[in-house]
Each structure stands twice: as C-alpha cells, then as structure tokens.
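Reading the structure
Next come the chains, spelled out residue by residue.
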Amino acid sequence: MDLTIYLKRAAAALCLLFVMAASVWFPEGMALAKAPVIPDAISMYAGQALVQSAPGPIKRIAVGDGKLLEVRVLGGSELVLIANKPGDTSIELWMTDGTRRSVSLHIIAGNSQQATDMVRKLLEGSSGISINEVGANVVLTGGDLSQGDMSRIAAIKKLYPQVLDFTSANAVEMKPMVMMKVRIMELDKKSMNQIGIKWDSMISGPGGGLVHDWVTNPIYRSASPGFNGVDASGSVAKLPLRVAGTASYFGIATSIASQIDLMMQTGDAWELAAPQLAARSGGVADFLVGGEVPIPISQGLGETTVQYKPYGIKLHIAPIINSAGDISTDIETEVSHIDPSVNVNGYPGFLTRRASAQLNVHEGDTIVISGLVDSTASKTFDKVPGLGQIPILGALFRSRGFQSNRTDLVIFVTPVVIDANSPHNRELIEKSDRLRDDFRKTIGNDIVD
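Before going into details, it helps to say that this report is about the structure given with it.

What counts, and where the lines are drawn
- Residues numbered from 1 in each chain as written.
- Predicted model: local features only at pLDDT ≥ 70, side-chain atom pairs only at ≥ 80, totals over all residues.
- Heavy atoms only, no water.
- Helix = DSSP H or I, 4+ residues; strand = E, 2+ residues; numbered from the N terminus.
- Buried < 20%, exposed > 50% of the residue type's maximum accessible area, 1.4 Å probe, protein only.
- Contact = heavy atoms within 4.5 Å.
- Areas by Shrake-Rupley, 256 points an atom, 1.4 Å probe, with all protein chains shown as cover.
- Pairing = 2+ DSSP bridges.
- Axes fitted to C-alpha atoms, helices over the stretch in contact; angles between N-to-C directions.
- Arc of directions from axis to C-beta.
- Phe/Tyr/Trp six-rings, centres within 6.5 Å; stacked < 30°, edge-to-face > 60°.
- Lys NZ or Arg CZ within 6 Å of the ring centre and 35° of its normal.
- Salt bridge = Lys/Arg side-chain N within 4 Å of Asp/Glu carboxyl O.

**What to know about the overall build of the protein chain**
The number of helices and strands found in the protein chain is four helices and 22 strands. Burial statistics for the protein chain: of 449 residues in total, 28% are counted as buried. A separation threshold of at least 6 residues defines the contact pool for the protein chain, and within that pool the share at least 24 residues apart is 62%. Put simply, the protein chain shows about 29300 Å² of open surface, and 56% of that area lies on carbon and sulfur atoms.

Written out as structure tokens, the structure is:
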C-alpha cells in the first residue's frame with residue numbers, strides 16, 4: 001500500500017475512534033453537538049475526515065468508488081466521510097422511513113483553503129496580484145508583473161498543483177540602465193640611447209692657392225670667391241690692391257675630433273577611443289567604429305560569396321545590476337587595423353588586439369581589464385675603419401646605438417547607473433547641445449535642424 005494513502009487512512013481511523021470514544025465516554029447531558037445535515041454536494045480534499053448527519057435513521061448506504069471514499073455510520077444517523085485520494089464519486093443513503101438521499105462528492109489533491117492562505121503569505125509584498133479560492137483551485141490574476149514575481153509564481157505552482165496562473169509579465173519592464181565608460185589608451189614609450197665615443201667621419205684634405213696681378217689700378221680689384229685665406233692672427237686675409245710678384249701656397253690644415261653622446265628620447269600616451277555605451281540590466285549593447293573589408297570566399301561549383309571582415313574599435317557589454325548597486329557584466333573590446341605588410345592573393349591581413357572579461361565592480365569604480373604590450377628593439381654600431389678594431393683601445397674609436405619601441409594598450413572600464421534625470425545623462429545632453437550650437441554657428445542652420 002502507498003505510504004501516503006496509509007497515513008491518510010490512519011489519520012481518518014484516529015478521527016473515527018475519537019468520535020466513537022466521545023459517544024461512549026461522554027455522560028448523558030454532555031453529548032456532542034449534532035453534526036450538520038449532509039448536503040447534496042460536498043467538496044473534500046484527500047486525507048480529510050468529515051462528520052455529517054443523515055436526514056433520519058439510516059437503513060442502508062452505498063458508495064460509488066470505495067477507493068476514493070470510505071464511509072462509517074455512527075449512532076444510526078451520523079456519517080464519517082474519509083477521502084482517500086482525488087476524484088469524483090457519490091453515495092446513496094436509504095432511511096428507515098423509506099426516503100432516499102443522493103450525495104455527490106468532489107475530492108481534490110489538497111486543502112484549497114490552506115493552500116490559498118499559504119500562497120497569499122508567499123506572495124505577500126507583491127503588488128498587482130489577486131489571490132482567490134475558486135472551488136478546489138487557487139486562482140492568481142494580475143498584469144504587468146516583474147520578472148521576480150513571475151519567478152516566484154512559477155516556484156509556487158510546483159508546490160501547489162491546484163494553483164491556476166492567469167497573470168502576465170510586464171512587456172516593457174523599466175530596469176536600471178548601466179553606462180559603461182570605456183577608455184582605450186595606448187602608451188607609446190620610445191627610448192633611444194647613444195653611448196660611446198663617436199669620431200668625425202670626414203676630415204679636410206690638402207689645399208693650395210696662387211695670387212698674381214697682371215693688371216691693377218689704384219681704385220679696386222676683383223677677388224676670387226673661393227679665396228679663404230687667413231693671416232697670421234687667424235683672421236680672414238684681405239688681398240691688397242697690388243700684389244708684388246706671385247704669392248702662392250700649398251699645404252694641409254685639418255683636424256679630427258670626437259664627441260661623447262648620451263641621448264634619450266621618450267614618448268607619451270594618447271587616447272585611441274573613449275566609447276560610452278549604455279544598456280539596461282540584463283540586456284546587451286554593441287559599439288563599432290571602423291569599417292569592413294570585403295573578402296571573396298570560393299564555394300563549390302565555382303560560386304563565390306563575399307564575407308565582410310570588420311575592423312576598427314569594437315565594444316560589447318552585457319551588464320546586470322542588483323539593488324545594492326553592484327554590477328556584473330560581460331565585456332569584450334577589440335582594436336584592429338589593416339596590416340599592409342601582409343597580403344595573401346591580394347587580400348590584406350589584420351593586426352588585432354582583443355580583450356574579454358567578466359567583471360564584478362561597484363558603481364563608479366574603475367577597473368583595468370587589460371594591458372597588451374608590443375615591443376621592438378634594434379642595435380647599431382659606428383666605428384672608425386681599422387682603429388675601431390684595435391683590442392681595448394678600439395673602444396675609443398667606435399660607438400653603439402640602441403633603440404627600443406614599446407607600446408602598451410590599456411583598457412579602463414567605469415560603470416555608471418543612469419536614468420533620464422541622472423546628472424551624468426543631463427551632462428551628456430548638454431554637451432551634445434553645445435556641439436550642435438557650435439556646428440550651427442560654423443556651418444549654418446540648414447544642415448542641423
């Protein structure tokens with residue numbers, strides 16, 4: 001026998017024994033109150049025991065389905081009805097005076113009144129939901145309910161199968177909006193060091209000159225533009241108006257020098273993009289600034305399709321916020337551009353830097369989700385031929401150069417909860433209005449309405 005049916009029958013038997021014991025042990029004058037007369041239709045729940053009175057002394061009784069209902073007769077005119085399991089049945093009563101009574105019974109799975117009270121307690125605090133007991137069922141009605149209320153109703157229906165749900169969810173639920181303020185920064189740090197002794201790579205060679213006058217006058221003379229002579233004091237020599245005889249010069253005057261270099265060149269940082277993307281809690285949003293490159297793809301039977309490869313700055317977010325202002329979000333960001341150095345059958349390659357993460361962060365806090373590093377280095381040597389190869393002393397006749405390029409891509413994310421009247425949203429609206437007004441002043445009102 002099923003354990004549930006066994007327990008229900010045991011409870012009904014205890015109730016029957018209590019009634020029989022009461023009829024025996026209560027003295028005369030202290031009899032129990034008379035049970036109500038049995039109606040033509042009764043609704044019960046499985047496991048319930050109900051005492052009813054017959055219209056008169058009972059002669060005979062018949063039960064339609066003994067598996068659903070058990071009937072006991074007490075004192076000749078009282079009936080104890082015990083419902084075993086859900087279903088519909090009936091009983092027939094014959095009285096000693098010749099009259100007859102037919103009673104129909106509807107047995108449900110559980111106590112509807114008790115279930116109604118429990119459902120009302122479970123949904124306490126949920127506005128817009130009406131809870132009513134209709135027959136053996138608990139009927140829920142209401143509209144524009146939140147997802148939280150709908151989830152609670154679904155859980156209650158699993159506990160109480162007699163619950164009938166006629167509610168509807170809010171099609172446009174006003175959930176909080178989350179704006180993700182993203183800053184994509186590129187830190188370009190270049191260092192170029194020159195350390196060593198660097199000698200001059202060119203020296204002056206031999207030089208010569210000749211001065212002789214064939215015709216002269218006491219007023220002026222014509223000098224050669226290439227005359228760069230100097231006198232004994234080191235000053236530029238000035239030719240006299242008359243040169244006696246022939247003055248000539250041939251010789252070499254040169255020098256070689258060196259300099260010690262110590263130089264460093266540093267770069268700075270700049271902002272590649274600062275997208276601000278908003279989405280409601282539980283929704284998604286995407287952002288793309290760039291373009292698409294068509295790439296033909298060969299298919300079967302000589303057919304060719306075109307696939308577009310996007311590039312540029314992309315951002316994808318899927319935020320969720322709770323009542324405490326804590327934000328959880330999936331975020332994907334990518335910076336890519338065409339690489340002209342890579343070419344396959346006329347189609348270019350792409351340089352891509354991508355980051356994706358799942359974040360838990362408080363409103364207004366900033367978190368760094370990525371640091372993508374790209375670095376290159378080169379080294380050069382300059383030396384005087386021959387002398388730069390001398391052991392030990394050769395270091396005095398050569399110099400070395402080292403150049404390093406390092407690029408750091410850093411992504412900062414700051415989530416902010418906004419609505420139509422939030423200060424941040426008003427600030428963005430005012431900024432757009434200023435840009436529109438400036439554009440009107442520059443271009444005119446015909447383009448911007």
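**Some words on the environment of Gly251**
For Gly251, the location among the structural elements is in strand β13 (residues 246-251). A C-alpha to C-alpha distance of 5.7 Å links Gly251 and Pro206, two positions 45 residues apart in sequence.

**Things to note about the sheet that holds strand β8 (residues 130-134)**
Strand order in the open sheet made by the three strands is β8-β9-β10, with mixed pairing throughout. Looking at strand neighbours, the two that pair on one side only are β8 and β10 (163-169), the edges of this open sheet. Taken pair by pair, the neighbouring strands of this sheet meet at an average axis angle of 15°, ignoring direction. Alignment of β8 against strand β9 (residues 137-145), held across five bridges, turns out to be antiparallel. Each residue of the ladder has a partner; that of Glu133, found in β9, is Val138. Sheet strands in contact with helix α3 (residues 147-159) are β9 and β10, and its direction is about 165° off that of β10.

**Examining the sheet that holds strand β7 (residues 100-108)**
Strands sit in the order β1-β7-β6-β3 across an open sheet of four strands; the sheet is mixed. Whereas interior strands pair on both sides, the edge strands pair on one side only; in this sheet they are β1 (41-45) and β3 (58-63). In this sheet, adjacent strand axes meet at a mean angle of 25° when their direction is disregarded. As defined by bridge partners, strand β6 (residues 87-95) adjoins β7 across eight bridges and the pair is classed as antiparallel. When the sheet's bridge partners are listed, Asp88 is paired in β7 with His106.

**A closer look at helix α2 (residues 112-122)**
Residues Ser112, Ala115, Thr116 and Val119 constitute the buried set of α2. Looking down the long axis of α2, one finds its buried residues gathered within 100° of arc, a one-sided arrangement. Exposed positions of α2 whose direction lies more than 90 degrees from the buried face are Gln114 and Lys121. Elements in contact with the buried residues of α2: β7, β8, β9, α3 and β10.

**Things to note about the packing of aromatic side chains**
Within this structure, the stated rule accounts for one aromatic pair. On the basis of an interplanar angle of 40° and a centroid distance of 6.4 Å, the ring pair of Tyr311 and Phe350 is categorised as tilted. Residue Tyr311 is found in strand β18 (residues 304-321), and its partner Phe350 is found in strand β20 (residues 347-362); the two are separated by 39 residues along the sequence. Phe350 gets classed as partly exposed once you look at its relative accessible area, which sits at 23%. One Lys or Arg, Arg60, reaches over the ring of Trp94 and ends 4.5 Å from the middle of that ring. The aromatic ring of Phe350 is capped on one face by Lys309, whose charged end is 5.8 Å from the ring centroid.

**A few points about the pattern of salt bridges**
A side chain of one charge can pair with a side chain of the opposite charge when the charged atoms of the two come close. Counted under the stated rule, the structure contains nine salt bridges. Here Arg101 ties to Asp40 by a salt bridge, and the two come within 3.8 Å at their closest N and O atoms. With Arg101 in strand β7 and Asp40 in the loop between α1 (3-25) and β1, the pair connects residues that are 61 residues apart, well separated along the chain. Between Asp117 and Arg120 there is a salt bridge, with its nearest N and O atoms 3.7 Å apart. Taken together, the residues span about one helical turn, with Asp117 and Arg120 both in helix α2 at a distance of three residues. Residue Arg120 is classed as partly exposed on the basis of its relative accessible area of 39%.

Function cannot be inferred from these measures alone, as they are strictly geometric.
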